[in-house]
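Residue-level structural notes
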Amino acid sequence: TALMEKFASYSRRVLSNSFYPVLKPAIGVGSAFEGWSPREQDVVYQVLIPMTPPRGHSFRVELDTAGQTRMRNFRIRVRQECTCSREQRRRKMLCFLHHPEEELRSNQDPSLLHTLCTDSYLDVQKTARWFCQLVRAIWPALPQAHSWHLVLLPSTRSCQFKVSNGRESYRIEMLFGVRQGNSDVFVSSQPRPYHISSTIWPESYAVAEMKFFKYIARRAPPDSLHLKCLQFFIRLQLGFGFSTYTTKTIVIHLLNVLPPSWWSRRHFVSRLIDISESLRACVHVRQLNHFIVGNLILPEGISLPPHVLMARNYNLFHDLVMDPVAHSQA
């Protein structure tokens, strides 16, 4: 967290007069920040960095309808905005729309459209490369650089790196995205197991899920083992074909309906049985609803855009409906 705060502070200083995306404070997401990890010896700290458009630009999030999958994908259209106002003239900024191209090329840095975009859409892979270059450039100025060693790791849709000091080592994955309105739902660079275009930004519910775990932590008894139940059951399932996200979804559905007191130490075995029975029942009927999409009973404080709140339930076991062999194996 301290490292990300320093990175955000230095990056804002470096990018203050540029036409690259404006980076907001990082939000910790995923298992490490939710309080559980399937393998404690191989924790990846994921952070989502919200981006807003730079001066003279705007973002428009557009639903991608071509080759649409069951989960929603988006594109981020980048537009140039008029900056001929008196305030912008005082800042000596030329207007991308109304100044001659030759004057712009000679006196001003290139527009975001000419650096990180493909066909007017923000490009995930170009943005990831830019992020990695930014981390490499800023790292020597950070206080952590005096005692930690940085190694950038290969990645096409995020910026992954490892920092180590000889005794400890941390692996960090920086994702980036654009918030949908004022909600906790983003379109993000989250990698997918299947190939998607570099201008496609899948819808991400990671921030909403992280906020749900924080809500549960505030209400849970001191001896609550809800995170241990999740971690333990995921370890049992490793190698059996069920994804970590499947088990996580089942557990958070149970956390949303069972009283907090039922997750105390003396109920540990009963809750493991509940998780196992819920998984068995969901496989039997080939139906496991996504926890965020279309869920009308989420706690207060988790904000969803209308299209997510009112959407039809998204079945995570859709493949079992379509593939009898996969259902039999499950």
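Cut-off values and rules
Residues numbered from 1 in each chain as written. Predicted model: local features only at pLDDT ≥ 70, side-chain atom pairs only at ≥ 80, totals over all residues. Heavy atoms only, no water. Helix = DSSP H or I, 4+ residues; strand = E, 2+ residues; numbered from the N terminus. Contact = heavy atoms within 4.5 Å. Areas by Shrake-Rupley, 256 points an atom, 1.4 Å probe, with all protein chains shown as cover. Lys, Arg positive; Asp, Glu negative; His and termini not counted. Charge placed at Lys NZ, Arg CZ, Asp CG, Glu CD. Buried < 20%, exposed > 50% of the residue type's maximum accessible area, 1.4 Å probe, protein only. Expected span 1.5 Å × (residues − 1). Salt bridge = Lys/Arg side-chain N within 4 Å of Asp/Glu carboxyl O. Patch = residues over 30% accessible without salt bridge, like charges linked within 9 Å, V, L, I, M, F, W, Y side chains within 5 Å. Domains from an automatic or database assignment. Buried area = accessible area lost by both parts, 1.4 Å probe. Polar contact = N/O pair within 3.5 Å; in protein donor to acceptor, adjacent residues only side chain to side chain. Nonpolar A, V, L, I, M, F, W, Y, C, P; charged D, E, K, R; others polar.

A word on the overall build of the protein chain. A count of helices and strands for the protein chain gives 12 helices and 12 strands. Summarising its shape, the C-alpha atoms of the protein chain cover approximately 70 × 50 × 35 Å along the three principal directions. Long-range pairs, those at least 24 residues apart, make up 61% of the contacts in the protein chain with a sequence separation of at least 6. Surface exposure of the protein chain reaches about 17,500 Å², of which carbon and sulfur atoms provide 52%. When the 40 positive and 25 negative side-chain charges of the protein chain are each reduced to one mean point, those points stand 4 Å apart.

Another point: unusual backbone geometry. With a phi angle near 55 degrees, aspartate 119 is a residue other than glycine that sits in the positive phi range. For aspartate 119, the position within the fold is in the loop between β6 (117-118) and β7 (121-122). A relative accessible area of 68% places aspartate 119 in the exposed class. Although it is not a glycine, arginine 286 sits at a positive phi angle of roughly 55 degrees. Inspection of the secondary structure puts arginine 286 in the loop between α9 (268-285) and α10 (306-309). In this structure arginine 286 comes out as partly exposed when scored by relative accessible area, which is 26%.

Once that is clear, we can look at helix α6 (residues 206-219). Spanning 14 residues, α6 covers 21 Å between terminal C-alpha atoms, matching the ideal 20 Å at 1.5 Å per step. All buried positions along α6 are accounted for by Ala206, Val207, Ala208, Glu209, Met210, Phe212, Phe213 and Ile216.

Moving on, we come to the environment of glycine 28. Assignment of secondary structure puts glycine 28 in strand β2 (residues 27-29). Separated by 234 residues in the primary sequence, glycine 28 and tryptophan 262 place their C-alpha atoms 28 Å from one another. Not counting chain neighbours up to four residues away, the residues in contact with glycine 28 comprise Phe33, Gln46, Val47 and Met210.

Our focus in this paragraph is the pattern of salt bridges. The full count for this structure, using the stated rule, is nine salt bridges. One salt bridge connects arginine 77 with glutamate 62, and the closest N-O pair in it is separated by 2.8 Å. Remark: glutamate 62 occurs in strand β4 (residues 57-63) and arginine 77 occurs in strand β5 (residues 73-80); sequence separation between them is 15 residues. You can call glutamate 62 buried: its relative accessible area is 18%. Across the salt bridge formed by glutamate 209 and lysine 248, the nearest N and O atoms sit 2.9 Å from each other. Here glutamate 209 is found in helix α6, whereas its partner lysine 248 is found in helix α8 (residues 244-257), with 39 residues between them in sequence. Each member of the pair glutamate 209 and lysine 248 is classed as buried. In the salt-bridge network here, residues are joined through shared partners; they are Glu34, Glu209 and Lys248.

Quick look at a nonpolar patch on the surface now. A cluster of nonpolar side chains, namely Val257, Leu296, Ile297, Leu309 and Met310, defines an oily patch on the protein surface of about 530 Å² accessible area. In this fold, leucine 296 is placed in the loop between α9 and α10. You can call leucine 296 exposed: its relative accessible area is 63%.

Take glutamine 46: it is sitting in strand β3 (residues 44-52). Contacts of glutamine 46, omitting those with residues within four sequence positions, involve Ile27, Gly28, Val29, Gly30, Phe33, Glu173, Leu175 and Gln190.

Domain boundaries in the protein chain define domain 1 (1-204) and domain 2 (220-329). Look at where the C-alpha atoms of domain 1 and domain 2 centre, and you get two points 31 Å apart. If you look at the interface, domain 1 gives 17 residues, while domain 2 gives 21 residues. In this assembly, domain 1 packs against domain 2 so that about 1,600 Å² is buried in total across both faces, 59% of it on carbon and sulfur atoms. For the salt bridge of glutamate 34 with lysine 248, the shortest nitrogen-to-oxygen distance reads 2.9 Å. For the pair domain 1 and domain 2, the interface holds five residue pairs in polar contact (both at pLDDT 80 or more). Considered class by class, the residues forming the side of domain 1 that touches domain 2 number five nonpolar, five polar and seven charged.

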